[in-house]
Amino acid sequence: MQNNSWIPLFPDQASSFAWQVDALYFYIIAVCLFFGIGVVIAVFWFAMKYRETEKYASPEEIHGSNVLEITWTAIPFIIAMTIFVFGTYVFFTLYRMPADATEVYVVGKQWMWKFQHETGQREINELHIPVNTKIKLVMTTEDVIHDVFIPAFRTKADVVPGRYTYLWFEATKPGKYHLYCAEYCGLNHSGMGGWVYVMEQRDYDNWLAGNVSNQTPVEAGQDLFQNKLGCASCHQDTGSGRGPSLKGLFGKDQKLSNGQTIKVDESYIHESILNPQAQIAEGFQPIMPTFKGQVTEDQINQLVAYIKSLNPSAANSTGSNSTAKPNAPAANTATKPPATTNTNTNTTVKPAANTASNARGNK
Amino acid sequence: MMETVAVTRDTSKKPELHYLNNGYSVASWLLTKDHKRIAMLYLMSVSFFFMLGGIFAALIRLELMTPNSDLLEAGTYNRVFTAHGVIMVFLFLIPAIPATLGNFFVPLMIGAKDLAFPRINLLSWYLYMAGGLIAAYALMNGGVDTGWTFYVPYSTTFSNGWVLVTGLGAFVIGFSSILTGLNFIVTIHTMRAPGMTWFRLPLFIWSHYATSLIMILGTPVVAITILLLALERVAKIGIFDPAIGGDPILFQHLFWFYSHPAVYIMVLPSMGIISELIANFSRKRIFGYEFVAFSSIAIAVIGFLVWGHHLFVSGQSVYAALVFSILTLVVAIPSAVKTFNWTATLYKGSISYDTPMLYAFSFLGLFLIGGLTGLFLGTAGMDIHLSDTYFIIAHFHYVMVGSTVIGYLGGLHYWWSKMTGKQYSEFWGKISAMLVFVGFNLTFFPQFILGYLGMPRRYASYAEELQVLNIFSTAGAGVLAVGMIMPVIYLTMSLINGKDAGDNPWHLPGLEWRTSSPPPTENFYEPPVVTWEAYDFSEDNGLEPKKEVAKETV
């Protein structure tokens, strides 16, 4: 899937204007070689030819030449201006927004990208777009300055708090391309990114319809945890993140900030994803945002499966990894089965909330 | 021309007293008003901070050998590159050449006894040390992770309070820089020896004059910016933070209004050194003296009007971007003019390949790459892809290390005998100059390619397919480190067991070579009178006949 081959010398060219940027790049390289090689040859030639033959010699004095000075001021100036004109053309191509583009809303926050499509789909650290379609990102940030950077598209723009900035592109080649944050934004800056998936229209329509991949629940959960939802940026395995490490947590007793102790089971995880402020692990700040509306019940099940798999002994005692449905909440919400598509987010939230409060009430 | 000989002294007997043995007490150093001793204090201080910054550089390169952040975790890595940047920029690159070599040689090269304000000169060293120690303490003890650019709102709202302490350090150092610039301008205007007209000044002096202009005009702006940053953080005045009505882009404008010209504070003095080296080791007057001199002034002036090229992708107006783009391409022209004139100076010269000249050749190669790659970044349409990637890192290291550090090392070797009276090992000097050149290119050239491939800067972990080039870069850093450590060893050794270098080992005409090595506290035995043009290698330039000198030193 990855188009960035192992040849580490030139990036993929996957947007309608990438070739223009590359052409400008090669033009400036040509200018550099013209002057660079010229100067290097002259320096080498003179350095060889006029090396010292007599110690402390007094070579002939040459004061300078106005003709030469004017020549080597004017020629570089003219060439610099051609670069300017070419560069300005490319600059406007990249930064003048087309009127007929499909808009995607982007919110940056430490340290994840949140995308929302016009049709309602939300994504985190992933952006699915159709090929040969103009896309315009309407971007802002919840905290510090970030920067959307897609090297294969040759474009980027800062995302600035308190205002909207814009970026547009038209992908020309289906594939999976790096998405980076290019403006330093703190601790997990280098983890703030993911992938842009450029899809054929048919695949894109499928994706919109919610067809998912053939990953096992644990794999899907791991993908959500580490990439798509960015959970791992705070819940680091080392325990040094802003949230507790979840390694080996499942099935253990967890002390809470209110002094109580709770057994970590499926419903506790479910609640912590949708209503994180309810029960805070001891020693941590209540800073986790809710993922209500961003994850489906299916995805929560996958996350639970993954978190279980982080503690193999507990996973065995509570059931098989492939059993994705949470046990406890399932009993209470039997009348409203969790939704299975990721389009009707509103209806999935309700049973989830009920589930969480019921589960808490039972304890 | 006999009246000019008064400048030189009777070489048959060595004077008992020079600036180094004129008092050994601690107070005679710490309370000295002698520009040469203050320069030596600066030399030791900037060398210390350079090594400290170098250790952080080594940590960065070691971490980046592997794609994952394994050697340093992300939080530590962020603090390390911040420390590297702040220390290298504020504590080494900006003061390195003006405060050491400039301090030592500006008075000597214009025939003055000292700088115009010796006490202010000493004060500037104390300010530098105070600011430097505050900043270094905050960086290492508190851990500041904002990057040396301190962008808001990260620095005002989201990082720890040590940012302010670091800012205080930079604020104080700024005043040291302003005082040095002020001192140079007054000295160059008022203390030139009789006969030392403006167009007889060595180009080292012209470049320091241009540098001083930037120091006194630009540095107050960074002081203001730091002050506003502190007010924003402490009193929430609402100037930068959008949450309370401020504008984060305004900070970037203010920051780069100083910090871009600061690049010219770093590079111009180095260009001055290169002009000296190329003229003197080709034994020729510099080609197009006036053009080289005025190109320094042109760089200083136009350099104030290009800061917006750091903001091409930040959301500033596209029309502002175009103005900054065209001005940036224009500021490349005086640098090109300098390069062509240096090259032309070699023509029909009598070129020798001593260590300082190897550094000058090295400079030409590296500055060529550093300067030309600036064309990519000054071109707005090109910069969008390259901004905040390793292309930027490579470019500014070619300019700052490839030009400033190489020029500094070249100057240090060139004048070492004058500063200490001792001769360093020419053999090790040449080896280290070549190692630095090779190591430097191996470290930073791959980063241009990494940048175009899209590796963002300030990343503790990166995509796996980029590892090969990163390994090259780290290997190069190893070679570079060896090349940088060697001069520390052989220059120090020369103080212990180096041979006496003689007053004028290369038989050069500059005023600094017409006094003893090391010079006496008052610089010259009799007030010099200048009757020759700059870089006058003719037989009647007032020096002793070359044949006798050749016999004496060979």
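Residues numbered from 1 in each chain as written. Chains lettered and ligands numbered in written order. Predicted model: local features only at pLDDT ≥ 70, side-chain atom pairs only at ≥ 80, totals over all residues. Heavy atoms only, no water.

Draft legend 1. Spotlight on the overall build of chain B. Assigned secondary structure in chain B consists of 16 helices and two strands. Over its C-alpha trace chain B gives a radius of gyration of 23 Å, about what one expects of a compact globule, namely 24 Å for 554 residues. Across its three principal axes, chain B shows a C-alpha extent of roughly 75 × 45 × 45 Å. Relative to its 554 residues, chain B shows a buried fraction of 67%. Of the contacts formed within chain B by residues at least 6 apart in sequence, a portion of 82% connects residues at least 24 apart. Surface accessibility of chain B: about 17,800 Å² in total, with carbon and sulfur atoms responsible for 72%. (Helix = DSSP H or I, 4+ residues; strand = E, 2+ residues; numbered from the N terminus. Rg over C-alpha atoms; globule rule 2.2 N^0.38 Å. Buried < 20%, exposed > 50% of the residue type's maximum accessible area, 1.4 Å probe, protein only. Contact = heavy atoms within 4.5 Å. Areas by Shrake-Rupley, 256 points an atom, 1.4 Å probe, with all protein chains shown as cover.)

Draft legend 2. Fine view of the packing of aromatic side chains. All chains considered together, the criterion is met by 72 aromatic pairs over all chains. Taken together through their ring pairs, the aromatic side chains of F10, Y25 and F26 of chain A together with F376, F391, Y398, F440, F444, F445, F448 and Y452 of chain B make up a single cluster. Over the aromatic face of Y166 of chain A sits the side chain of K136 of chain A, whose NZ or CZ is 4.8 Å from the ring centroid. Seen from the ring of W195 of chain A, K176 of chain A lies directly overhead, with NZ or CZ sitting 4.2 Å from the centre. (Phe/Tyr/Trp six-rings, centres within 6.5 Å; stacked < 30°, edge-to-face > 60°. Lys NZ or Arg CZ within 6 Å of the ring centre and 35° of its normal.)

Draft legend 3. Summary view of the sheet that holds strand β8 (residues 165-170) of chain A. Residues and elements named next belong to chain A. In spatial order, the strands read β3-β2-β1-β5-β8; together these five strands make up an open sheet with mixed pairing. Here the strands that pair on one side only, and so sit at the sheet edges, are β3 (122-124) and β8. Looking at each pair of strands side by side, their axes are set apart by 25° on average, direction ignored. The pairing of strand β2 (residues 112-117) with β3 spans three bridges and is classified as antiparallel. From the neighbouring strand, K114 faces β3, where its bridge partner is I124. (Pairing = 2+ DSSP bridges. Axes fitted to C-alpha atoms, helices over the stretch in contact; angles between N-to-C directions.)

Draft legend 4. Just empty space enclosed by the protein, in detail. Residue and element names in this part refer to chain B. Applying the stated criterion across every chain yields a total of nine cavities of 30 Å³ or more. Taken as a whole, the largest cavity spans an internal volume of roughly 140 Å³. Lining of the largest cavity is provided by 17 residues; of these, P202, G510, L511, A534 and Y535 occupy positions nearest its centre. Grouping the amino acids of the lining of the largest cavity by side-chain chemistry returns eleven nonpolar, two polar and four charged. (1 Å grid on protein atoms, 1.4 Å probe; cavity = no way out; pocket = protein on both sides within 12 Å on 5 of 7 lines; lining within 4 Å. Points joined across faces, edges and corners; volume = space filled by probe spheres on them. Nonpolar A, V, L, I, M, F, W, Y, C, P; charged D, E, K, R; others polar.)

Draft legend 5. Quick peek at the environment of T32 of chain B. All names here are of chain B. Along the chain, T32 turns up in the loop between α1 (26-30) and α2 (35-63). Those residues in contact with T32 that lie beyond four places of it in its chain are A27, R37, I38, L41 and L122. At 3.0 Å, the side chain of T32 and the backbone nitrogen of D34 are in polar contact. (Polar contact = N/O pair within 3.5 Å; in protein donor to acceptor, adjacent residues only side chain to side chain.)

Draft legend 6. Up close: the packing of helix α3 (residues 74-110) of chain B against helix α4 (residues 118-143) of chain B. Residue and element names in this part refer to chain B. For the pair α3 and α4, interaxial distance at closest approach is 10 Å and the crossing angle is 165°. The angle between the axes of α3 and α4 places the two elements in the roughly antiparallel class. Of the two elements, α3 crosses α4, and the hand of that crossing is left-handed. Counting all contacts with α3, which are made through R79, T82, A83, V86, I87, F90, L91, P95 and N103, the residues of α4 involved are N121, Y128, G132, L139, G142 and G143. When grouped by side-chain class, the residues that make up the contact of α3 with α4 number eight nonpolar, six polar and one charged. (Parallel < 35°, antiparallel > 145°, perpendicular 65-115°, else oblique. Left-handed = near helix turned anticlockwise from the far one by under 90°.)

Draft legend 7. Layout of the sheet that holds strand β7 (residues 155-159) of chain A. Residue and element names in this part refer to chain A. The sheet built from five strands is open, its strands ordered β4-β10-β9-β6-β7 with mixed pairing. With partners counted over all chains shown, the strands left at the sheet margins are β4 (126-130) and β7, one partner each. On average, each strand axis in the sheet is inclined to that of its neighbour by 20°, with strand direction left out of account. Bridge analysis of strand β6 (residues 146-150) against strand β9 (residues 175-181) gives two bridges, and the strand direction is antiparallel. Paired with V148 across the strands is C181, a residue of β9. Each of β4 and β10 (193-199) touches helix α3 (residues 201-208); the most contacted strand, β4, lies at about 130° to it.

Draft legend 8. Region of interest: the domain arrangement of chain A. All names here are of chain A. The domain boundaries assigned to chain A delineate domain 1 (102-209) and domain 2 (217-362). Taken together, the twelve residues of domain 1 in the interface contact eleven residues of domain 2. Interface area, domain 1 with domain 2, both sides summed: about 1,200 Å², of which 50% is carbon and sulfur. Its largest share of buried area at the contact with domain 2, domain 1 owes to W111, R122 and I124, together 35% of the area lost on that side. Counting every contact that joins domain 1 to domain 2 gives zero salt bridges. The tally of links from domain 1 across to domain 2 stands at one residue pair in polar contact (both at pLDDT 80 or more). Every element with two or more residues in the side of domain 1 that touches domain 2 is listed here: β2 and β3. For the side of domain 1 that touches domain 2, the class distribution of residues is four nonpolar, four polar and four charged. (Domains from an automatic or database assignment. Buried area = accessible area lost by both parts, 1.4 Å probe. Salt bridge = Lys/Arg side-chain N within 4 Å of Asp/Glu carboxyl O.)

Draft legend 9. Just the pattern of salt bridges, in detail. Tallied over the entire structure, the rule returns eleven salt bridges over all chains. Across the salt bridge formed by K134 of chain A and D100 of chain A, the nearest N and O atoms sit 3.5 Å from each other. Within this pair, whereas K134 of chain A is found in strand β5 (residues 134-141), its partner D100 of chain A is found in the loop between α2 (66-95) and β1 (102-109), the two being separated by 34 residues in sequence. Classification of K134 of chain A as partly exposed rests on a relative accessible area of 27%. Judged by relative accessible area, which is 55%, D100 of chain A ranks as exposed. Close ionic contact of R163 of chain A with D247 of chain B constitutes a salt bridge, the shortest N to O distance being 3.0 Å. One end of the pair, R163 of chain A, is in the loop between β7 and β8; the other, D247 of chain B, is in the loop between α7 (203-235) and α8 (248-282), on a second chain.

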